[in-house]
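Read off the chains here:
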Amino acid sequence: MWLYYLLKSMSWVISHLPYKLVVKIGLGLGRLYYIIAKKQRLRAEETIKERLGYTDEQAKKTIRSLFIKLGATFMEIMYMPALNKNNIRGLVTFDRPEVLWEALGEGKGVVMLACHMDNWEWLGAALALSGFPLSAVEKPQPNHIYSDFMNELRTGVGQEIFSRGTSEILGCARAMKKKRMLGLIADQDGGYDGIFVPFLGKMASTPTGPAYFSRKFNAPIVPIFIVRKEGNYGHQAIVKDPIYYEDTGDRKADDYKVTLKMTQIVEEVIKEYPDNWLWFQHRWNTPYTPPEEKELEQGEK
């Protein structure tokens, strides 16, 4: 339990500091992180060169900026107990909040599509504190103490949290029936049960959750992303137009089509803000086997 109390103590101290000082300390930590996290740094540089065709110089510059911003993000996450309805508006600005309200107004709930950009924890916090009824699916960390600590921060700003596992589907279904926003991350490795779609030029297993809940509840999917503002103080939330599930009766094809649309939007945002996305995550970790090879393997059995 010592880790839990250490994190709580750090968060308490940090949340009592001025916001600009919190960010300034974080930027310093980010510079240190860039130096010591060699394995992650090299993986990120290689990935961005492969996927975006960056030169060595472009890759190093972009990934260094990413790591520096990650230091600020860490400090901001620890600062979350200081967030409230009054100060969040000056820290996270929504470009088109009316799109979210209109989608909610359809009365079917909303599947909110996000990705691992910038301070995604603050995106959920800003939505909840701005009055959007948000339920989010939490991916448990290897260390359950850290997961518990993070969930305390999330619930502390008004989010309803469901842990991934046997109760996930039921919890998410309840959220949609209550006409809430269901927050899902689109760019985590989907595992073997994901849908393979092209992502930044390479086939990637992509989570099926957004397609499933959109189909089941006939709910709109609203892509929303958060990026750090120029100067590193504060954030901009970018709200895209809703995506609607087109049910032709061919579930496999329909799921693929909507998942591909979502992935293409994520690609556009990543390309526009490349130093805000986690390039060192194992996004393409699940091996892909082309359909013709699968048929050949099955025929040989």
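What you are looking at is a predicted structure, and each value in this text was computed from that prediction instead of being measured.

Participant: Explain unusual backbone geometry to me, please; I cannot follow it from the model alone.
Facilitator: With the exception of glycine, most residues fall at negative phi, and the peptide bonds are largely trans. Even without being a glycine, K179 presents a positive backbone phi close to 60°. Relative to the elements of secondary structure, K179 occurs in the loop between α9 (168-177) and β5 (181-185). When its relative accessible area of 39% is taken as the criterion, K179 is described as partly exposed. Despite not being glycine, L200 shows a phi value in the positive range, around 55°.

Participant: I keep staring at helix α3 (residues 38-52) and nothing clicks. Help me out?
Facilitator: Along an α-helix, residues three or four positions apart point the same way, because every turn accommodates 3.6 residues. Compared with an ideal rise of 1.5 Å per residue, which puts 15 residues at 21 Å, α3 spans 21 Å between its outermost C-alpha atoms and is within 8% of the ideal. Three or more residues of α3 are buried, namely R41, A44, E45, T47, I48 and R51. Looking straight down α3, one finds its buried side chains confined to an arc of 165°; they lie on one side. The outward face of α3, more than 90 degrees from its buried face, is lined by the exposed residues K38, K39 and E50. Backbone geometry just downstream of α3 places G53 in the positive-phi region, at approximately 70°.

Participant: Hey, could you run me through the packing of aromatic side chains in this one?
Facilitator: Describing an aromatic ring pair means giving the distance of the ring centres and the angle of the ring planes. Within the structure shown, the criterion is met by 16 aromatic pairs. Ring geometry for Y19 versus Y79: centroids 5.8 Å apart, planes at 50°, classification tilted. Linking Y19 in helix α2 (residues 19-36) with Y79 in the loop between α4 (56-78) and α5 (88-91), this pair joins segments that are 60 residues apart in sequence. Note on Y19: relative accessible area 12%, which makes it buried. Judged by relative accessible area, which is 8%, Y79 ranks as buried. With a centroid separation of 4.8 Å and 40° between ring planes, the pair formed by Y33 and F67 is classed as tilted. Of this pair, Y33 sits in helix α2 while F67 is found in helix α4, placing the two residues 34 residues apart along the sequence. On the basis of relative accessible area, Y33 is assigned to the partly exposed category, the value being 24%. Every member of this aromatic cluster is reached through a ring pair, and the members are Y19, Y79, W122 and Y233. For K20, the ring lying beneath its charged end belongs to Y233, and the centroid distance is 5.7 Å.

Participant: Just checking my understanding: could you explain the pattern of salt bridges for this structure?
Facilitator: Oppositely charged side chains can form a pair if their charged atoms are brought close together. In this structure the tally under the stated criterion is 15 salt bridges. One salt bridge connects K60 with E45, and the closest N-O pair in it is separated by 3.7 Å. Note that K60 is positioned in helix α4 and E45 in helix α3, a separation of 15 residues in sequence. Classification of K60 by relative accessible area gives partly exposed; the value is 45%. Under the relative-accessibility criterion, E45 is labelled buried at 5%. Between R180 and E160 there is a salt bridge, with the nearest N and O atoms lying 3.2 Å from each other. Remark: E160 occurs in strand β4 (residues 160-163) and R180 occurs in the loop between α9 and β5; sequence separation between them is 20 residues. When salt bridges with common partners are traced through the structure, they connect E46, K49 and D56 into a single cluster.

Participant: Would you take a moment to explain the side chain of R51 for this structure?
Facilitator: Assignment of secondary structure puts R51 in helix α3. A relative accessible area of 19% places R51 in the buried class. A distance of 2.7 Å separates a polar atom in the side chain of R51 from the backbone oxygen of L200. Beyond its immediate chain neighbours, meaning those up to four positions away, R51 contacts F199, L200, G201, K202, W279 and W284.

Participant: Can you help me understand the nonpolar core in this one?
Facilitator: Generally speaking, soluble globular proteins have nonpolar side chains that are buried together. Of all hydrophobic cores here, the largest spans 47 residues; its most connected members are F199, F213, W277 and W279. Those elements giving two or more residues to this core turn out to be α3, α4, β2 (110-114), α9, β5, α10 (209-217), β8 (221-228) and α11 (251-272). Grouped together as the second largest cluster of nonpolar side chains are 46 residues, L83, F94, L123 and A126 included.

Participant: How do you make sense of α11 when you look at a structure like this?
Facilitator: Compared with an ideal rise of 1.5 Å per residue, which puts 22 residues at 32 Å, α11 spans 32 Å between its outermost C-alpha atoms and is within 8% of the ideal. Taken together, the buried positions of α11 are occupied by D254, D255, V258, T259, M262, T263, I265, V266, E267, V269 and I270.

Participant: Teacher, can you tell me more about a nonpolar patch on the surface here?
Facilitator: Together, W2, L6, M10, L21, I25, L29, L32, I35, I36 and F74 make up a nonpolar patch on the protein surface, roughly 970 Å² of accessible area in all. Only α1 (2-14) and α2 provide two or more residues apiece to the nonpolar patch. Looking at the nonpolar patch, the element that brings in the most residues is α2, giving 6 residues. Its place among the elements puts I25 in helix α2.

Rules used in this analysis
Residues numbered from 1 in each chain as written. Predicted model: local features only at pLDDT ≥ 70, side-chain atom pairs only at ≥ 80, totals over all residues. Heavy atoms only, no water. Helix = DSSP H or I, 4+ residues; strand = E, 2+ residues; numbered from the N terminus. Buried < 20%, exposed > 50% of the residue type's maximum accessible area, 1.4 Å probe, protein only. Expected span 1.5 Å × (residues − 1). Arc of directions from axis to C-beta. Phe/Tyr/Trp six-rings, centres within 6.5 Å; stacked < 30°, edge-to-face > 60°. Lys NZ or Arg CZ within 6 Å of the ring centre and 35° of its normal. Salt bridge = Lys/Arg side-chain N within 4 Å of Asp/Glu carboxyl O. Polar contact = N/O pair within 3.5 Å; in protein donor to acceptor, adjacent residues only side chain to side chain. Contact = heavy atoms within 4.5 Å. Core = buried A, V, L, I, M, F, W, Y, C linked by side-chain atoms within 4.5 Å. Patch = residues over 30% accessible without salt bridge, like charges linked within 9 Å, V, L, I, M, F, W, Y side chains within 5 Å. Areas by Shrake-Rupley, 256 points an atom, 1.4 Å probe, with all protein chains shown as cover.

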